[in-house]
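Structural features, examined
Residue strings, one per chain:
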Amino acid sequence: MHAERILSGMRPTGSLHLGHYHGVIKNWVALQHSHECFFMVADWHALTTNFDDVSVIGRSINEMVIDWLASGVDPEKSTIFVQSRVPQHAELHLALSMVTPLSWLERVPTYKDQLEKLSHKDLTTYGFLGYPLLQAADILVYKAGLVPVGEDQVPHIELTREVARRFNHMFGREPNFDELARAAVKKIGKAGRQFEALRTAYLQGGDAEALQEARAILAASQNLGAADRERLTGWLENKGKTILPECEAKLTAASKMPGLDGQKMSKSYGNTITMREAPEAVSKKIRAMPTDPARVRRTDPGTPEKCPVWQLHEVYSDGDTKAWVQAGCTSAGIGCLDCKQPVIDAVVREQQPMFERAERYVSNPKLVAEILAEGNARAEKVARETMRDVRAAMGLGA
Ligand code: TRP
Ligand code: SF4
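This section reports on the structure supplied with the text. Since the structure is predicted, the reported quantities are computational estimates derived from the model, not experimental observations. (Residues numbered from 1 in each chain as written. Chains lettered and ligands numbered in written order. Predicted model: local features only at pLDDT ≥ 70, side-chain atom pairs only at ≥ 80, totals over all residues. Heavy atoms only, no water.)

Section: the environment of R384
Spelled out, the test is: Segments assigned H or I by DSSP are reported as helices when at least four residues long, segments assigned E as strands when at least two residues long, and all are numbered from the N terminus. Buried residues are those whose accessible area, probed at 1.4 Å on protein chains only, stays under 20% of the maximum for their type, while exposed residues exceed 50% and partly exposed ones sit between those limits.
With respect to the element layout, R384 can be found in helix α18 (residues 365-393). Using a relative accessible area of 47% as the deciding quantity, one classes R384 as partly exposed.

Dropping the structure here:
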């Protein structure tokens, strides 16, 4: 398993907005300095709900990738790729579908939620039921250790872990696993006997310290190849070989980026500022925002806590500015347009470098195509290796 490997993805279903930036992408940008990152355009996933209007998907892919690049996702550091261009996602999805009970998919909470929420569409399809299993394949095909996602995606990560565990349990034991493991113990050399004794102490007596010591012997032994090391790691705990490691969710600090109306920013509420919204449009949208309804006239004092503009100050303003808003609003010392100006300025300032970074890609879309082609190839190289193990384990030939 690659504990430091990260995989995350986003569906190309329209333009990205500041909610995506503050909620997800900012976090990706930070992670690429400390981790090996794979960032995926989940176009198959977009199809599960948008099969009736596929034009949006095609159009959104490039724009979305430009938004990522504009935010500072760096193609030199991270692998940026398109899910459908790496066929192993579809292949692993099919493989996993052989051993995933229908009930596991039916009980994923997002399934019923979405069926109800999107009731204007017929989502009683095979593909939509399989949405989280495809997501599991996305993660497992890279043996990723960490998956940065929001709270709503946690059930999908749980399912991924359960499917991986089941897969390893069913296919992780080669027919002559015990024999191979015992042969590997001999290769440890002198400490081999001790390793076996510690294993017995752990398995029979539940001695957790013995487990630690045995692991230390494995780690210190120079003579083991990667396959034997993995075998013994499984054998030590009476498990098989780990073919698909269990990942963990890396929760993004809950960012409820407020929208123009005080609700969470979301395309479905029509309350967004897009990531590369023109400055005049930003100004116009914020100037049109509703404020505390108690401030009917300029002379009426208001309460910032009852005003969606205040929520944006909470995201964008420093202590001095916030103190100025509190004092000015509650005493009717400032007008609402005065109050909105620092927010407008801050949003425009935040977007300035995004426009600058995006410029070269907007004026030369071939650059984006090149980045994706390179990312697809890098991703496929990793995915192909996983599929080799998976196919072998499932008896589909070497
Ligand atoms: N389901 C995710 C979402 O709607 C997108 C996604 C697809 C994803 N595959 C993934 C996220 C793999 C993380 C890992 O946001
Ligand atoms: Fe809202 Fe600012 Fe107007 Fe107060 S002064 S109601 S915080 S916009």
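After that view of the structure, there is still more to cover.
So, the packing of aromatic side chains
Here is the rule we go by: Geometry of aromatic contacts follows a simple scheme: Phe, Tyr and Trp rings, the Trp one being its six-membered ring, pair when their centres are within 6.5 Å, and the pair is stacked under 30 degrees between planes, edge-to-face over 60, tilted otherwise. Both a distance and an angle decide whether a charge sits over a ring: NZ of Lys or CZ of Arg must be within 6 Å of the ring centre and within 35 degrees of the ring normal.
Inspection of every chain in the model, using the stated rule, returns 9 aromatic pairs. Residues W28 and W68 carry aromatic rings whose centres are separated by 4.9 Å and whose planes lie at 75° to one another, so their mutual orientation is edge-to-face. Of this pair, W28 sits in helix α1 (residues 18-31) while W68 sits in helix α3 (residues 55-71), placing them 40 residues apart in sequence. Grouping residues by exposure puts W28 and W68 together as buried. Members of the aromatic cluster, each reached through a chain of ring pairs, are W28, F39 and W68. The ring of W104 has R166 sitting right over it, with the charged end atom 5.3 Å from the ring centre. In this structure, R199 packs its charged tip against the face of W235, placed 3.5 Å from the ring centre.

With respect to the side chain of T49
Defined as follows: Two residues form a contact once any of their heavy atoms are found within 4.5 Å.
Position of T49 relative to the elements: it lies in helix α2 (residues 43-50). Those residues in contact with T49 that lie beyond four places of it in its chain are R11, L118, K121, L123 and F128.

Some details on the pattern of salt bridges
Rules: By convention in these notes, a salt bridge is any Lys or Arg side-chain nitrogen within 4 Å of a carboxyl oxygen on Asp or Glu.
Per the counting criterion, the structure on display carries 20 salt bridges. R5 is the salt-bridge partner of E36, the closest N and O atoms lying 3.0 Å from each other. Pair noted here: E36 is in strand β2 (residues 36-41) and R5 is in strand β1 (residues 2-10), with a separation of 31 residues, a long-range link. The class of E36 is partly exposed, set by a relative accessible area of 39%. Salt-bridge contacts for E380 lead to R384; the nearest nitrogen and oxygen are separated by 3.9 Å. Of this pair, E380 and R384 are both found in helix α18, 4 residues apart, which corresponds to roughly one turn of the helix. Beyond isolated ion pairs, a larger network of salt bridges with shared partners links E158, R161, R165 and E246.

Regarding the site of ligand 2
So the rule is basically this: Residues are counted as near a molecule or strand when any one of their heavy atoms sits within 4 Å of it. Grid points spaced at 1 Å over the protein atoms alone were grouped into cavities, where a 1.4 Å probe fits but cannot get out, and pockets, open sets with protein on both sides within 12 Å along at least five of seven lines, with lining residues defined by an atom within 4 Å of a point. Each molecule is checked against the cavity or pocket grid, and it sits inside if more than half of its atoms lie within 2 Å of the grid points. Polar here means any residue outside two lists: the nonpolar Ala, Val, Leu, Ile, Met, Phe, Trp, Tyr, Cys and Pro, and the charged Asp, Glu, Lys and Arg; Gly therefore counts as polar.
Taken together, T291, D292, R295, P304, C307, V309, V325, C329, C336 and C339 form the complete shell of residues around ligand 2. In this structure, ligand 2 is accommodated by the largest cavity. Residue assignment for the shell around ligand 2 shows that the elements contributing at least two residues are α16 (319-330) and α17 (336-363). Residue composition of the shell around ligand 2, by class: 7 nonpolar, 1 polar and 2 charged.

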